[in-house]
Amino acid sequence: MSMRVRVTRQDDAPALLKLYQRVARNPGGLARREAEIDIGYIDGFLSRAQAAGVSYVAESDAGELIAEMHAYSPGIECFSHVLSELTIAVDPQTQGSGVGRRLFVTFMRHVVDSCPDITRVELIVRQSNNRAIRFYESLGFQREGMLGHRIRNTDGSLEADIPMAWIRGEAG
């Protein structure tokens, strides 16, 4: 698929709102449900990523945002070496086409090359999302345990979250 990856801008917010709502329609696509995604949520993570983190979008040849990824420092001195709250949203129509991998590789290359103080990037993934777990492991992330009964699914069942991390010097 032809696309370009670029740094996210604040004026991407309306298009990101639509993207995140599309992704949230698929169960397990995001932790937030579609009704929980509003412009305040989008503006919030964009502001935090621009102030103390990293955010990239993938844009189709037609100029449509088809994926976004961000993470930011929690804002606490003892965690200043960490990027957390990592979120990646890939349009369901383009999942499996390499968009997410290209976005992730660009993101991590930026961390490695331009953020020497960042020694840890962390994320959390649903236990049932084996495809995502394998994807993150292929990018050098390691499993760090399990947070049991943390996610309440739409059917009321509970499942675990799997914390994963990339650690500078330990990952490829």
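Look a little higher up for the structure.
Residues numbered from 1 in each chain as written. Predicted model: local features only at pLDDT ≥ 70, side-chain atom pairs only at ≥ 80, totals over all residues. Heavy atoms only, no water.

Q: What's the story with the nonpolar core in this structure? I'm lost.
A: Across soluble globular proteins, you tend to see nonpolar side chains buried next to one another. One finds Phe104, Phe107, Val121, Tyr136 and Phe141 to be the most contacted residues of the largest nonpolar core, which totals 33 residues. Among the secondary structure elements, those contributing two or more residues to this core are strand S1 (3-7), strand S2 (53-60), strand S3 (65-72), strand S4 (82-90), helix H3 (99-114), strand S5 (120-126), helix H4 (130-138) and strand S8 (158-167). The element that contributes the greatest number of residues to this core is H3, accounting for six residues. Those residues in contact with tyrosine 136 that sit more than four places away from it in its chain are Ile88, Phe104, Leu123, Val125, Phe141 and Met164. Listed in part, the 18 residues of the second largest apolar core include Ala13, Leu16, Tyr20 and Leu30. (Core = buried A, V, L, I, M, F, W, Y, C linked by side-chain atoms within 4.5 Å. Buried < 20%, exposed > 50% of the residue type's maximum accessible area, 1.4 Å probe, protein only. Helix = DSSP H or I, 4+ residues; strand = E, 2+ residues; numbered from the N terminus. Contact = heavy atoms within 4.5 Å.)

Q: Honestly, the layout of surface pockets in this entry has me stumped. Any pointers?
A: Space left empty within the atom packing is revealed by a probe, the size of a water molecule, rolled over the atoms. Its boundaries defined by the atoms lining it, the largest pocket holds a volume of some 1200 Å³. Contributing elements (two or more residues each) for the lining of the largest pocket: helix H1 (13-24), helix H2 (39-52), S3, S4, H3, S5, H4 and strand S7 (147-152). In terms of residue count, S4 provides more of the lining of the largest pocket than any other element does, seven residues in total. The calculated volume of the second largest pocket comes to roughly 210 Å³. Lining the second largest pocket are 18 residues, with Pro27, Gly28, Arg33, Arg126 and Thr154 positioned closest to its centre. (1 Å grid on protein atoms, 1.4 Å probe; cavity = no way out; pocket = protein on both sides within 12 Å on 5 of 7 lines; lining within 4 Å. Points joined across faces, edges and corners; volume = space filled by probe spheres on them.)

Q: How should I be thinking about the side chain of threonine 94 in this particular structure?
A: Residue position: threonine 94 is located in the loop between S4 and H3. Once residues within four sequence positions are removed from consideration, threonine 94 is found in contact with Met1, Ile66 and Val99.

Q: What should I look at first to understand the environment of alanine 13 in this one?
A: Structurally, alanine 13 can be placed in helix H1. In this structure alanine 13 comes out as buried when scored by relative accessible area, which is 5%. Spatially, the C-alpha atoms of alanine 13 and glycine 40 are 9.5 Å apart, while their sequence positions differ by 27 residues. Ignoring anything within four residues of it in the chain, the contact list for alanine 13 reads Ile39, Ile42, Asp43 and Leu46.

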